[in-house]
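# Residue-level structural notes
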Amino acid sequence: MLNSMKKTLLAALVSAIALAGCGSTGSSGSPGSAESPGSAESPSSAESPGSSASRAAAKDAGQVTWSMCTDLVGFDGKPTKPDPSVECGKLSVPLDHAKPGGEKIDLALIRIKATGDKLGSLVFNFGGPGASGVDMLPLSARAFASLGTRYDLVSFDPRGVDRSSGVKCGGQLDKLLAATTSATDGDRMAKEFAAACSKDSGKVLPYVGTVSAAKDLDLIRAAVGDEKLNYIGFSYGTHLGAVYATQFPKNVGRFVLDSAFDPNVTFEERAVTQATGFDQAFAAFAKDCVDQGCDLGANPAAVEGTVETFLDGLKSKPLKVGDRDLTYGLAQLAVITPLYAKATWPALEQGVSAAIKGDGSTLLTLADLYTGRRPDGTYNTMMTSLQAITCADNSERPSQAEAANINDRIKAVFPILATDGTGSICGHWPVPGSNDAKRIDATGSAPILVIGGKGDPATPYQWATSLNEQLKTGVLVTYQGEGHGAYLSGDSCIMRTVDGYLLNGKLPSTGTTC
């Protein structure tokens, strides 16, 4: 089991894997000036800043009745009693935004009220796609304490996620995630999984895409009473924020997109780029492990070899952990998970070291964190929602042969990330995908802070530069450190830069690096 560092490591892991740490600040002269977060003009201005779209959203916005939260879970997946300052609520939104008077679904929201003089609300999306903001916000609230002095901190389960009509796909995730399959079996399992999603959640599958989620975001903005949306998006949350800024540029308040994702990469480009990022993170972990005194080897090559040899052994002989098996597939996830954040690298060393000695409990815990498996054997909707939203946001439908080719390319870069025999789920998806969420152009919006990390394995730095260019209104900040999620790394320069913008409207200078 994890040692006394367990709680700290779990906190860092939960933050990192939900997402899938300077320079001076500028003023009106560099690259643009930031308005007050509530509006672009003074309160006495005759024109509301969001123009007709803003007025329509305000008219259509429902009301949120806030009350005590009753179904939150802690780091360990078990129910927890929230702090009295944490409130939950629901917002009714159209299932199909093209039919605003038609069937409605409820979005689950959470709020932590500002402790000081309030500027407005700050809305969070923690990534995925598929991460529950209702669960994540209270777990990570301490990291945003400075922002909570001036903002109500607000998050939500996006449509198709957990409490917001979460996508369900049968009850076979244990079997699917643990499986080691042939190509034929993998394609059959992918087809069966897609069919189960259609059976259990067919009504919502056509409407879980990011374009619809962005429209929900504007209804949330109106429902909390803000003229402009102030927003932090991590990982996939940067995509959601970019789509929002494209649809509602005049409603953009103070925006921060951390660990930026480029939605215009193909499935193959995404896979190979991420494989490269994780390969580099694995090498950095191995070097750091040796520098700290490592149980897995005397040099980085030996450390990498020890992990790879252990994994290979599981292909033919899984490790028994209680009444479960640590299979090769689950161990892959367990190794990848700590690579998301440097703070969690010790968990990888400890987990593999213990498993070599016969105790796979730590690695199984890491795999469960990644997949959203709870102690009672049930799952949140992270894995199913991720698949549904990904397929909704792309018209690509890879064939079995194309999926195999992508896997071969991954294997050539970082074999630990390869999944032999896995079929293309989107290739069997029951509803067509759309490329509408790939169109990014926020011309006319307030400046948008875009953060890219040089050591980010999941959303590599080049995606931040490309998303920044597509936005047209982006201000790029470079984070030189390791891990996924610069602000959540605790880096003082990044936190100072982001807080300066969100709290005081101070934009960083062009080329700012932390």
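These remarks concern the structure in this document. Worth saying up front: this structure is predicted, and the values here are computed from it rather than measured.

The next thing to look at is the packing of helix 8 (residues 267–292) against helix 11 (residues 345–356). Across the interface, helix 8 lies against helix 11 with an axial gap of 10 Å and an inter-helix angle of 75 degrees. Classified by the angle their axes make, helix 8 and helix 11 are roughly perpendicular. From helix 8, A281, A284, F285, D288 and C289 reach across to helix 11, where they touch W345, L348 and E349. The class makeup of the residues in the contact of helix 8 with helix 11 is 6 nonpolar, no polar and 2 charged.

What the rule picks out here adds up to 15 aromatic pairs. Considering the side-chain rings of F144 and F234, the 6.2 Å spacing of their centres and the 40 degrees angle between planes classify their relative orientation as tilted. Of this pair, F144 sits in the loop between helix 3 (133–140) and strand 6 (151–157) while F234 sits in strand 7 (residues 229–234), and the two are 90 residues apart along the sequence. The burial state of F144 is the same as that of F234; both residues are buried. With centroids separated by 6.2 Å and ring planes inclined at 15 degrees, the aromatic side chains of F282 and F285 adopt a geometry described as stacked. With F282 and F285 both in helix 8 and 3 residues apart, the pair spans about one turn of that helix.

What follows deals with the state of the cysteines. Applying the stated criterion across every chain yields a total of 5 disulfides. One disulfide bridge connects C391 with C426, the sulfur atoms lying 2.1 Å from each other. As the torsion about the S-S bond is roughly -100 degrees, the C391-C426 disulfide counts as left-handed. In this pair, C391 is assigned in helix 13 (residues 382–392) and C426 in the loop between helix 14 (400–413) and strand 11 (448–455), connecting sequence segments 35 residues apart. Owing to a relative accessible area of 0%, C391 belongs among the buried residues under this scheme. Paired by a disulfide, C493 and C514 hold their sulfur atoms 2.0 Å apart. Between C493 and C514, the S-S torsion sits near -60 degrees, and that sign places the bridge as left-handed. Of this pair, C493 sits in helix 16 (residues 492–504) while C514 sits in the segment after strand 13 (507–508); the two residues are 21 residues apart in sequence, bridging distant segments of the chain. Assessed through its relative accessible area of 6%, C493 is described here as buried.

This paragraph deals with unusual backbone geometry. Of the consecutive residues G128 and P129, the connecting peptide bond is found in the cis state with omega at 0 degrees. Turning to its location among the elements, P129 is positioned in the loop between strand 5 (120–125) and helix 3. Backbone geometry at S165 places phi at a positive 55 degrees, although glycine is not the residue there. Tracing the sequence through the fold places S165 in the loop between strand 6 and helix 4 (173–178). When its relative accessible area of 28% is taken as the criterion, S165 is described as partly exposed. In the Ramachandran plot, K472 falls in the positive-phi region, its phi being about 75 degrees despite a non-glycine side chain. Relative to the helices and strands, K472 is located in the loop between helix 15 (461–471) and strand 12 (474–482). What makes K472 exposed here is its relative accessible area of 55%.

Here we take up the pattern of salt bridges. In total, this model carries 16 salt bridges according to the counting rule given. Residues R221 and D218 are paired through a salt bridge, measuring 2.8 Å at the closest nitrogen-oxygen approach. One end of the pair is R221 and the other is D218, both in helix 6 (residues 210–223) and 3 residues apart, which spans about a single turn. The residues R221 and D218 share a single accessibility class, namely buried. Residue R409 pairs with E268 through a salt bridge whose shortest N-O separation is 2.8 Å. Here R409, found in helix 14, pairs with E268, found in helix 8; they are 141 residues apart in sequence, far enough to count as distant. Overlapping salt bridges, with partners in common, bring together D71, D135, D157 and R163 in one network.

Before going further, it helps to spend a moment on helix 9 (residues 300–316). Looking at helix 9, one finds that the buried residues are V303, E304, V307, F310, L311 and L314. The buried residues of helix 9 occupy an angular sector of 130 degrees when the element is viewed end-on, so they sit on one face. Away from the buried face of helix 9 by more than 90 degrees, exposed residues A301, T309 and S316 are located. Summarising the contacts, the buried residues of helix 9 are in contact with helix 8, strand 9 (319–321), strand 10 (324–326), helix 10 (328–336), helix 11 and helix 12 (361–371). Capping the start of helix 9, N299 holds a side-chain oxygen 3.2 Å from the backbone nitrogen of A301, two or three residues further along.

Next up on the list: the side chain of D226. Tracing the chain through its elements places D226 in the loop between helix 6 and strand 7. Buried within the structure, D226 lacks any salt-bridge partner; its nearest side chain of opposite charge belongs to K118, at an N-O separation of 6.0 Å. Aside from chain neighbours lying at most four places away, what touches D226 is G120, S121 and R221.

Strand order in the open sheet formed by 9 strands is 2-3-4-6-5-7-8-11-12, with mixed pairing between adjacent strands. Both edges of this open sheet fall to strand 2 (67–68) and strand 12, since each of them pairs with a single strand only. In this sheet, strand 4 (residues 104–112) lies alongside strand 3 (residues 86–94) in antiparallel orientation, the contact comprising 9 bridges. Residue pairing for strand 4: K90 is matched across the bridge by A108.

The N-to-C vectors of helix 6 and helix 7 (residues 236–247) enclose an angle of 75 degrees; their axes lie 9 Å apart at closest approach. By the angle class used here, helix 6 and helix 7 are roughly perpendicular. On helix 7, the residues touching T210, V211, A213, A214, K215, L217, D218 and R221 of helix 6 are Y236, H239, L240, V243, Y244 and Q247.

To continue, consider the nonpolar core. L217, F285, L326, L339, W429, I448 and L471 are the most contacted members of the largest nonpolar core, which has 106 residues in total. Ranked by the residues each element gives to this core, the list is headed by helix 8, at 9 residues. Apart from the residues within four sequence positions on either side, F285 is in contact with L296, V303, L339, W345, L348 and E349. V86, F124, F144 and C514 belong to the second largest nonpolar core, which has 36 residues in total.

The rules behind these values
Each chain has its residues counted from 1, running along the sequence as written. This being a predicted model, a pLDDT of at least 70 is required before a residue's local features are given, and a value of 80 or more before pairs of side-chain atoms are given or counted; all residues contribute to the totals for chains, interfaces and linings. Think of the side-chain values as coming from all heavy atoms in the structure, minus any hydrogens and water. Here, axes are lines fitted to C-alpha atoms. For helices the fit covers the stretch in contact, and angles between N-to-C directions go from 0 to 180 degrees. For the purposes of this entry, the term helix denotes a DSSP run of H or I that reaches at least four residues, the term strand denotes a run of E that reaches at least two, and both are numbered from the N terminus. Roughly parallel here means an angle under 35 degrees, roughly antiparallel means over 145, roughly perpendicular means 65 to 115, and every remaining angle is called oblique. Residue contacts are counted whenever heavy atoms from the two residues lie within 4.5 Å of one another. Note that Gly is not counted as nonpolar here; it falls among the polar residues with everything else outside the nonpolar set of Ala, Val, Leu, Ile, Met, Phe, Trp, Tyr, Cys and Pro and the charged set of Asp, Glu, Lys and Arg. What counts as a ring pair is set by centres within 6.5 Å for rings of Phe, Tyr and Trp (its six-membered ring), and what kind of pair is set by the plane angle: stacked under 30 degrees, edge-to-face over 60, tilted for all other angles. Under the scheme applied here, a residue whose accessible area is under 20% of the maximum for its type counts as buried, over 50% as exposed, and between as partly exposed, the area being computed with a 1.4 Å probe on protein chains only. We call a pair of cysteine sulfur atoms a disulfide whenever their separation is within 2.5 Å. Here, a salt bridge means any side-chain nitrogen of Lys or Arg that lies within 4 Å of a carboxyl oxygen of Asp or Glu. For this quantity, the arc is that covered by the directions from the helix axis to the C-beta atoms. Pairing of N or O atoms within 3.5 Å defines a polar contact, subject to two protein rules: one partner must be a possible hydrogen donor and the other a possible acceptor, and residues neighboring in sequence count only if both atoms are side-chain atoms. Here Asp and Glu are counted as negative and Lys and Arg as positive; His is not counted, and neither are the chain ends. Strand pairing is assigned whenever DSSP detects at least two bridges linking the two strands. What we call a nonpolar core is a set of buried Ala, Val, Leu, Ile, Met, Phe, Trp, Tyr and Cys residues that are connected through their side-chain atoms within 4.5 Å.

What is shown is where atoms sit, not what they do.
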